[in-house]
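The primary structure of each chain is shown beneath.
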Amino acid sequence: MKAIRRFTVRPVLPESLSPLSDLARNLRWSWHPETRDLFQSVDPERWAASDGDPVRLLGSVSPARLAELAEDRRFLRRLTAVSDDLNDYVSGDRWYQEQGGELPAAIAYFSPEFGITAALPQYSGGLGILAGDHLKAASDLGVPLIGVGLLYRHGYFRQSLSRDGWQQEHYPVLDPNELPVALLEEPDGTPAQVALALPGGRQLHARIWHAQVGRVPLLMLDSDVEENDLGERGVTDRLYGGGSEHRLLQEMLLGIGGVRAVRTYCRLTGHPEPEVFHTNEGHAGFLGLERIAELCDQGLDFDSALEAVRAGTVFTTHTPVPAGIDRFDRELVAHHFGTDAELPRIDVERILRLGMETYPGGEPNLFNMAVMGLRLGQRANGVSLLHGHVSREMFSGLWPGFDPDEVPITSVTNGVHAPTWVAPEVFRLGAREIGAQRTEDAMTVGGSDRWDAVGDIPDQDIWELRRNLREQLVDEVRRRLHASWRQRGAGTAELGWIDGVLDPDVLTIGFARRVPSYKRLTLMLRDRDRLMDLLLHPEHPIQIVVAGKAHPADDGGKRLVQELVRFADDPRVRHRIVFLPDYGMGMAQKLYPGCDIWLNNPLRPLEACGTSGMKAALNGCLNLSVLDGWWDEWFQPDFGWAIPTADGAGTDPDHRDDIEAGALYDLLEQRVAPRFYERGQHGLPDRWIEMVRQTLTLLGPKVLAGRMVREYVERLYTPAAHAHRAMDIDSARELAGWKARVRAAWHDVTVDHLETSAHTPTAELGSTLALRVRVALGELGPDDVEVQVVSGRVDAEDRIADAVTVPLKPTGGPDTEGRWVYEGPLSLDRTGPYGYTVRILPAHRLLASGAELGLVAVPSEETGEGGGVLMR
């Protein structure tokens with residue numbers, strides 16, 4: 001019979017074991033080996049059965065075992081030590097508390113998904129894992145972050161395969177009472193709630209669940225509450241599910257409801273109010289609207305409130321393609337805002353204007369969440385150097401008249417949380433060399449450019465470590481493959497071959513990620529005969545472990561999965577290549593350390609960052625990747641290989657894939673596999689081991705989430721907090737009024753005349769030109785603008801590269817025609833074709849960038865005839 005209602009019966013812990021509850025509820029256990037070891041010792045069999053989840057473990061352990069542990073002095077001593085260590089961790093000073101300067105009192109970090117641990121399955125892929133690593137690194141550094149997301153009752157789907165290899169999705173129901181979360185409660189014990197107004201007088205209610213990630217609280221909103229109708233209860237049903245309206249409601253709840261949840265949390269706990277709001281991708285962009293509404297309720301007008309909100313907002317974009325951005329029909333957004341719905345005090349047209357694609361090439365009837373994020377954030381960034389460049393190109397329409405390089409989007413290259421992703425065996429090897437505490441500090445706080453201590457580890461130890469990790473992966477693959485084939489309907493008698501799958505002494509390649517077409521899961525299959533030869537090579541064989549999920553609505557991605565699975569099912573090669581379904585954090589933590597090569601072959605430049613290779617590298621795995629994302633930035637031949645790309649604009653996609661697959665086969669056949677099997681005089685692959693050593697020494701410190709979060713603090717959070725403090729009510733009104741005045745008057749701002757002291761088309765290096773520029777400012781004055789000379793090398797079409805800008809100075813008051821004269825020197829500091837121009841930008845002390853307004857005045861062709869290209 002089926003139960004009509006489900007609830008959780010929790011054990012009553014003996015008083016001496018009560019710290020176990022606190023340890024289980026703080027997700028630090030997910031990256032703290034001593035805590036996990038303690039829980040494993042409670043009941044090793046139940047620990048394994050609970051997939052390493054302390055909450056599930058404590059819910060299943062017998063009262064007799066608990067009573068036994070309550071009298072076990074050795075266990076109690078360990079419990080006290082681990083509990084004291086957690087207390088020190090959450091209350092003591094860390095990196096952030098030791099920094100000088102006026103750092104933000106708190107930062108709110110919004111993301112649609114968070115990958116903290118497999119025990120809290122609220123993630124689908126890289127964006128969520130990155131967000132989870134961001135929270136963990138912030139905790140390790142002592143950064144006062146508050147995470148904000150949604151609690152999905154089905155999480156992301158679980159993946160299995162049919163007999164013929166077609167992806168199948170399953171959506172298990174997650175009971176929050178069985179997760180490491182707790183309800184946020186009002187003083188009277190009732191659940192704290194937020195509510196959003198819906199059209200027609202309805203409301204969307206949500207409870208606030210709280211997960212503790214080390215020092216960092218994570219708030220998750222859950223609409224599955226009795227106060228809601230059936231439709232509203234399903235708003236937080238699953239990650240990235242449903243149609244447009246469903247997604248819009250999720251994102252309104254995340255952004256608007258998330259701000260209200262933060263306010264509630266701070267009111268109930270005394271946590272400092274955030275000075276900075278960080279929007280991790282466009283999904284949470286509506287948070288800016290709620291903050292504008294808060295200020296409007298305090299008497300500020302919309303434009304002034306917008307300036308105040310922008311000052312303290314950081315927006316991070318993770319997509320390199322417009323198709324990856326959430327966009328909604330204008331009418332759908334309008335329907336959910338205004339007098340009969342949410343934020344009734346704000347004019348709907350003002351809301352729409354923030355997200356509409358009102359620029360050349362945009363679709364004016366679509367509301368773009370990333371565009372709104374950029375318009376609501378004074379500071380924005382991509383997630384690698386290359387992705388920053390791609391983002392500036394992609395969004396350059398928002399800043400007309402500026403070269404893409406001047407678009408105010410910077411980059412902070414992603415990192416990964418080493419304590420989560422480094423195998424315990426790797427950590428122990430480091431601890432043996434420099435001690436456990438120094439190893440932990442190196443992996444969390446970071447700060448050094450090199451891990452030189454790796455140079456002292458003997459070659460034999462590195463090679464034994466790598467083989468040990470590979471052997472563990474082989475065991476894990478066989479176990480998972482057996483379970484997968486049983487799910488596919490195979491009988492036990494059919495599966496004896498699985499005992500011979502993979503070999504712990506064969507070069508092992510990993511490929512695991514989501515399966516959109518641009519990641520090219522099946523590039524390795526372009527020439528199947530050649531791949532087969534590589535897999536079955538008599539002297540230099542390779543073996544490949546593949547995993548990944550296609551989006552449930554992406555049949556093209558599912559076909560790629562099926563194609564790969566069918567190849568891997570071939571009895572001739574199934575011992576050398578496997579596809580493991582249901583890729584997630586639990587699998588990943590075994591997969592990264594056990595591989596020798598991490599393969600990544602996206603279409604360049606469509607990989608924003610691609611952090612899986614970073615996790616592999618921290619375990620001594622070498623990268624074999626297209627020069628995209630972070631690998632484009634940090635690749636060196638010392639620690640990996642770059643797959644050549646054929647990404648010219650005129651290249652046929654099929655032909656390009658053939659070329660790049662051929663390059664991949666060549667690398668594996670001629671360079672990668674021979675180096676792995678080549679033995680030196682002591683019987684070890686000396687050159688391979690040296691590459692592993694270089695990976696750990698040079699790449700390890702770069703790929704840390706600690707490095708990433710420190711960059712956010714120093715380059716984005718702290719400047720945003722200072723801008724927020726400077727933007728008091730009077731300053732916000734001043735800046736909003738000034739912007740309105742400048743926009744209204746800008747059509748009269750022109751460069752009228754340009755003179756230079758140069759009389760020939762050549763000049764000598766080190767000489768200086770005198771520039772004199774006559775400009776019209778209309779109703780504006782010199783305090784409202786900056787007149788600049790922009791100079792640098794030029795190409796054949798006279799476009800300036802690596803431009804240097806120098807401000808010119810006004811020489812006095814306006815002349816009889818109201819024109820202003822600006823003068824200044826131009827130093828010729830490089831040889832070759834060289835050119836310059838002048839331009840006028842708006843200037844104000846509260847602007848973060850001269851490009852902020854997207855306004856610029858440059859000379860007409862006639863005006864510029866006296867200047868231009870020099871030193872041909």
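Aromatic ring pairs: the centre-centre distance and the angle between the two ring planes describe each pair. According to the stated counting rule, one finds 20 aromatic pairs in the structure shown. An angle of 5° between the planes, with centres 6.2 Å apart, marks the rings of F39 and W47 as stacked. In this pair, the class of F39 matches that of W47, namely buried. Consider the rings of Y712 and Y717, whose centres lie 5.7 Å apart with planes at 25°: the pair is stacked. With respect to burial, Y712 and Y717 carry one shared label: buried. Every member of this aromatic cluster is reached through a ring pair, and the members are W463, W641, F676, Y677 and W688.

The next point concerns the packing of helix α17 (residues 424-434) against helix α19 (residues 459-487). Contact geometry for α17 and α19: axes closest at 10 Å, N-to-C directions at 160°. With respect to each other, α17 and α19 are oriented roughly antiparallel. Two packed elements cross with a definite hand, and for α17 against α19 that hand is right-handed. Across the interface between the two elements, E425, V426, L429 and R432 of α17 pack against D461, L465, N468, L469 and Q472 of α19. Considered class by class, the residues forming the contact of α17 with α19 number 4 nonpolar, 2 polar and 3 charged.

Let us look at the packing of helix α25 (residues 653-677) against helix α26 (residues 686-699). At their nearest, the axes of α25 and α26 sit 6 Å apart, and the two run at 105° to each other. What the angle tells us is that α25 and α26 run roughly perpendicular. Residues V672, R675 and F676 of α25 lie in contact with α26, whose contacting residues are R687, W688 and M691.

Sheet strands pair by backbone hydrogen bonding; their relative direction is either parallel or antiparallel. Strands sit in the order β17-β16-β15-β18-β19-β20 across an open sheet of 6 strands; the sheet is parallel. With partners counted over all chains shown, the strands left at the sheet margins are β17 (577-580) and β20 (640-643), one partner each. Ignoring which end each strand starts from, the neighbouring axes of this sheet average 20° apart. As paired elements, strand β15 (residues 507-512) and strand β18 (residues 597-600) share 2 bridges and run parallel to each other. Its bridge partner lying in β18, I509 is registered against I597. The strands touched by helix α20 (residues 528-535) are β16 (542-547) and β17; relative to β16, the strand with the most contacts, the crossing angle is about 115°.

So, about the sheet that holds strand β25 (residues 809-810). Read from one edge of the open sheet, 4 strands run β21-β22-β26-β25, paired in antiparallel fashion. Either end of the sheet is taken by a strand with one partner, and the two such strands are β21 (750-756) and β25. Sheet analysis places strand β22 (residues 768-776) next to strand β26 (residues 819-827), joined by 9 bridges and oriented antiparallel. In the sheet register, L771 faces β26, and the bridge partner there is G824.

As a further point, take the nonpolar core. Membership of the largest hydrophobic core comes to 107 residues, with the highest contact counts inside it found for M524 and W688. Counting residues per element, this core draws most heavily on α25, at 10 residues. When residues no more than four places from it in sequence are discounted, the contact partners of M524 are F511, L531, I544, V546, L564, I577, L599 and Y665. Membership of the second largest hydrophobic core comes to 97 residues, among which are M252, L254, V751 and Y834.

What you see with strand β1 (residues 107-110) is no split at all: I107 and Y109 on one side and A108 and F110 on the other are buried throughout. As defined by bridge partners, β1 adjoins strand β2 (residues 145-150) across 4 bridges and the pair is classed as parallel. Directly across from A108, in β2, lies its bridge partner I146. Taken together, β1, helix α7 (residues 126-141) and β2 form a β-α-β motif whose crossover is right-handed.

This brings us to helix α28 (residues 729-745). The end-to-end C-alpha distance of α28, which contains 17 residues, comes to 24 Å, matching closely the 24 Å that a straight helix rising 1.5 Å per residue would cover. All of the buried residues along α28 are S731, A732, L735, A736, W738, K739, V742 and A745. Where α28 is buried, its residues contact α11 (302-311), α27 (705-726) and β27 (834-842).

Take the environment of V821 next. Relative to the helices and strands, V821 resides in strand β26. By relative accessible area, which is 15% here, V821 ends up buried. Spatially, the C-alpha atoms of V821 and E440 are 60 Å apart, while their sequence positions differ by 381 residues. Leave out the neighbours within four places in its chain, and V821 touches R772, V773, R774, K809, P810 and T811.

So, about the side chain of N368. For N368, the position within the fold is in strand β12 (residues 366-368). N368 sits in the buried class, given a relative accessible area of 4%. From its side chain, N368 meets the backbone nitrogen of A370 in a polar contact 2.9 Å long. Of the polar contacts made by the side chain of N368, one reaches the backbone nitrogen of V371; its length is 2.9 Å.

Let's shift gears to the pattern of salt bridges. This model, assessed by the stated rule, comprises 67 salt bridges. Notably, a salt bridge pairs D85 with R28, separated by 2.7 Å at the nearest N-O pair. Taken together, the positions of D85 in helix α6 (residues 73-91) and R28 in the loop between α1 (19-25) and α2 (33-42) put the pair 57 residues apart, joining distant regions of the chain. Take D85: its relative accessible area is 30%, and that puts it in the partly exposed class. The closest approach of N and O atoms between D326 and R247, which form a salt bridge, is 2.9 Å. Of this pair, D326 sits in the loop between β10 (313-316) and β11 (327-329) while R247 is found in helix α9 (residues 244-269), placing the two residues 79 residues apart along the sequence. The same class applies to D326 as to R247, namely buried. Beyond isolated ion pairs, a larger network of salt bridges with shared partners links R153, R207, D222, D224 and R233.

Secondary-structure assignment places E102 in the loop between α6 and β1. The exposure class assigned to E102 is exposed, which follows from its relative accessible area of 57%. Ignoring sequence-local partners within four residues, the contact set of E102 consists of T718, H722 and R725.

We now examine α7. Taking 1.5 Å per residue, 16 residues should reach 22 Å; α7 reaches 22 Å between its end C-alpha atoms and fits that length. Among the 16 residues that make up α7, 15 are buried, leaving the element largely enclosed by the rest of the structure. Looking one or two residues past α7, G142 carries a phi angle of roughly 80°, positive in sign.

Calculation criteria
- Throughout, residues of each chain are indexed from 1 in the direction in which the sequence is written.
- Under the rules for a predicted model, residues below a pLDDT of 70 receive no local features and side-chain atom pairs below 80 are neither given nor counted, while totals for whole chains, interfaces and linings still include all residues.
- With hydrogens and water set aside, each side-chain value is computed from the structure's full complement of heavy atoms.
- Each pair of aromatic rings taken from Phe, Tyr and Trp, with Trp reduced to its six-membered ring, is defined by centres within 6.5 Å and is described as stacked if the planes are under 30 degrees apart, edge-to-face if over 60, and tilted in the remaining cases.
- Buried, partly exposed and exposed residues are distinguished by accessible area as a fraction of the type maximum, computed with a 1.4 Å probe on protein chains only: under 20%, between the cut-offs, and over 50%, respectively.
- Every angle, taken between N-to-C directions, lies between 0 and 180 degrees, and every axis is a line fitted to C-alpha atoms, over only the stretch in contact when it is a helix.
- Only DSSP runs of H or I reaching four residues or more are called helices, and only runs of E reaching two or more are called strands; each is numbered from the N terminus.
- Here the word oblique covers every angle except those under 35 degrees (roughly parallel), over 145 (roughly antiparallel) and from 65 to 115 (roughly perpendicular).
- Left-handed describes a crossing in which the near helix is turned anticlockwise from the far one by less than a right angle; the clockwise case is right-handed.
- Residues count as neighbours in contact if any of their non-hydrogen atoms are within 4.5 Å of one another.
- Ten residues, namely Ala, Val, Leu, Ile, Met, Phe, Trp, Tyr, Cys and Pro, are considered nonpolar, four, namely Asp, Glu, Lys and Arg, are considered charged, and the remaining ones, Gly among them, are considered polar.
- Paired strands, as defined in this entry, are two strands with at least two bridges between them according to DSSP.
- In this text, buried Ala, Val, Leu, Ile, Met, Phe, Trp, Tyr and Cys residues form a nonpolar core when linked through side-chain atoms within 4.5 Å.
- When the strands point away from the viewer and the connection leading from the first strand across the helix to the second strand turns clockwise, the crossover is called right-handed.
- Multiplying 1.5 Å by the residue count of a helix minus one yields the expected span of that helix.
- In the analysis that follows, any N or O atom pair within 3.5 Å is treated as a polar contact, provided that within protein one partner can donate a hydrogen and the other can accept it, and provided that, for residues neighboring in sequence, both atoms belong to side chains.
- The rule for a salt bridge is simple: a side-chain nitrogen of Lys or Arg has to be within 4 Å of a carboxyl oxygen of Asp or Glu.

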